[in-house]
Amino acid sequence: MSQRYFEGVKLASTYQRVRPSPPQSLIDSIINYIKQKHVGPLRDAVDVGCGSGQVSRVVAPYFTSVVGMDVSPAMVEVASNLENPSNVTFVVVGSEEEYPVAAESCSLVVSCMAAHWFDMPRYFVQAHRVLRPGGVIAHVGYLVPELHWPGKSHLLQEIMVDIHLNEMGQYFGRSNRDDIDGSYTAAKYDMPYEEHHREDGMHEASLELPVSAMGDYITTMSGFSGYRHHLGEQKATLLKQQYMDRIMKVLDVSSSPEETMLTIKFRYFLSMGRKPLTDNSGQ
Ligand SMILES: C[S@@+](CC[C@H](N)C(=O)[O-])C[C@H]1O[C@@H](n2cnc3c(N)ncnc32)[C@H](O)[C@@H]1O
């Protein structure tokens with residue numbers, strides 16, 4: 001049922017245009033953590049809930065191959081049609097059904113802004129199956145983005161938070177904002193391995209986007225899809241318009257929303273767990 005939010009190719013293309021890729025510092029943290037114990041060169045990686053492939057592409061240089069997997073055919077279509085490194089492929093999968101990769105073939109199972117959609121116990125079984133001994137599960141995500149404009153960032157942030165929490169908050173459904181806002185610290189995200197590590201507030205990415213694209217950004221959130229589903233297309237279109245109008249009013253500039261560029265900061269969190277070198281995890 002989760003894929004319905006990410007169904008259309010148009011939405012998947014918008015997603016690719018307005019969502020960030022994780023910063024290099026975060027990728028370095030993942031690679032360094034794997035290498036602390038990994039025996040031999042890094043092998044394959046899977047990116048579960050790959051969307052349009054943001055993570056699959058940036059981890060590609062470190063692995064023999066990367067398989068980006070997603071329940072949404074539209075996301076997989078958009079990801080596949082982009083310029084991708086030759087060792088990256090994308091496949092449609094069923095929710096937590098057997099991942100189409102061999103047992104103990106992967107050095108990394110990564111997901112970004114996707115674990116809140118998973119059936120975690122079933123996902124951990126799959127992740128454990130495909131990981132090599134010493135391989136790593138990494139959950140990546142980012143908090144409500146921050147809009148920046150000299151002297152007005154706090155006012156812009158009030159609008160962002162109001163839209164996220166008050167306007168769309170109740171429509172996020174299973175994709176529970178609390179889980180993301182809590183940086184996946186809820187017990188269900190606990191790594192099934194003794195050895196684990198978190199990094200909070202250490203990594204951030206920035207995008208320069210016009211205000212009009214910030215309107216598009218909120219349409220990529222499942223809360224917006226829920227809002228549209230419950231209140232109708234007209235109200236959803238109005239919400240997007242009001243959001244852009246509120247931003248433009250605060251900025252008080254004469255340029256159009258298409259020409260007015262904002263800096264958007266994404267603060268990432270990272271949680272990792274390592275499969276033991278000898279399998280005594282009981283799974
Ligand atoms: C918010 S997007 C994140 C996309 C991308 N990883 C990124 O970093 O932006 C969540 C993605 O997870 C996918 N998804 C949801 N449930 C899934 C599941 N059970 N297995 C695999 N993918 C899933 C959705 O179709 C969507 O593309």
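Note that the coordinates shown come from a computational prediction; the quantities given were computed from them, not determined experimentally.

Student: Help me understand the overall build of the protein, please; the structure alone is not making it clear to me.
Tutor: Across its full length, the protein holds 10 helices and 8 strands. Since a compact globule built from 283 residues should have a radius of gyration of about 19 Å, the 19 Å found for the protein is in line with a globular shape. Its C-alpha atoms give the protein principal-axis dimensions of about 60 × 35 × 35 Å. Buried residues in the protein amount to 42% of all 283 residues.

Student: It is not clear to me how the packing of helix α8 (residues 211-219) against helix α10 (residues 233-251) should be interpreted in this structure. Could you clarify?
Tutor: A pair of packed helices is captured by two measures, namely the crossing angle of their axes and the spacing between those axes. Across the interface, α8 lies against α10 with an axial gap of 9 Å and an inter-helix angle of 145 degrees. Both α8 and α10 take part in a crossing whose hand is right-handed. Contacts from Val 211, Ser 212, Met 214, Gly 215, Ile 218 and Thr 219 in α8 reach Lys 240, Tyr 243, Met 244, Ile 247 and Met 248 in α10. Classifying every residue of the contact of α8 with α10 gives 7 nonpolar, 3 polar and 1 charged.

Student: Quick question: what am I supposed to make of the site of the ligand here?
Tutor: The immediate surroundings of the ligand are formed by 23 residues, with Gly 49, Gly 51, Ser 72, Cys 112 and Trp 117 found nearest. For the shell around the ligand, the secondary-structure elements that each account for two or more residues are α3 (54-59) and β2 (66-70). Among the residues forming the shell around the ligand, the class breakdown is 13 nonpolar, 7 polar and 3 charged.

Student: Hey, could you run me through the environment of Arg 267 in this one?
Tutor: By the element assignment, Arg 267 lies in strand β8 (residues 261-274). Sequence separation between Arg 267 and Gly 141 is 126 residues; the distance between their C-alpha atoms is 8.3 Å. Ignoring anything within four residues of it in the chain, the contact list for Arg 267 reads Tyr 142, Leu 143, Gly 201 and Glu 204.

Student: Explain the nonpolar core to me, please; I cannot follow it from the model alone.
Tutor: Grouped together as the largest cluster of nonpolar side chains are 77 residues, with contacts concentrated most on Ile 30, Val 46, Val 59, Leu 108, Val 109, Val 110 and Ala 138. Other than its neighbours up to four places away in sequence, Ile 30 contacts Leu 108, Val 110, Ala 138 and Met 272.

The rules behind these values
- Residues numbered from 1 in each chain as written.
- Predicted model: local features only at pLDDT ≥ 70, side-chain atom pairs only at ≥ 80, totals over all residues.
- Helix = DSSP H or I, 4+ residues; strand = E, 2+ residues; numbered from the N terminus.
- Rg over C-alpha atoms; globule rule 2.2 N^0.38 Å.
- Buried ≥ 20, exposed ≤ 12 C-beta atoms within 10 Å, placed from the backbone.
- Axes fitted to C-alpha atoms, helices over the stretch in contact; angles between N-to-C directions.
- Left-handed = near helix turned anticlockwise from the far one by under 90°.
- Contact = placed C-beta atoms within 7 Å.
- Nonpolar A, V, L, I, M, F, W, Y, C, P; charged D, E, K, R; others polar.
- Near = placed C-beta within 6 Å.
- Core = buried A, V, L, I, M, F, W, Y, C linked by C-beta atoms within 7 Å.

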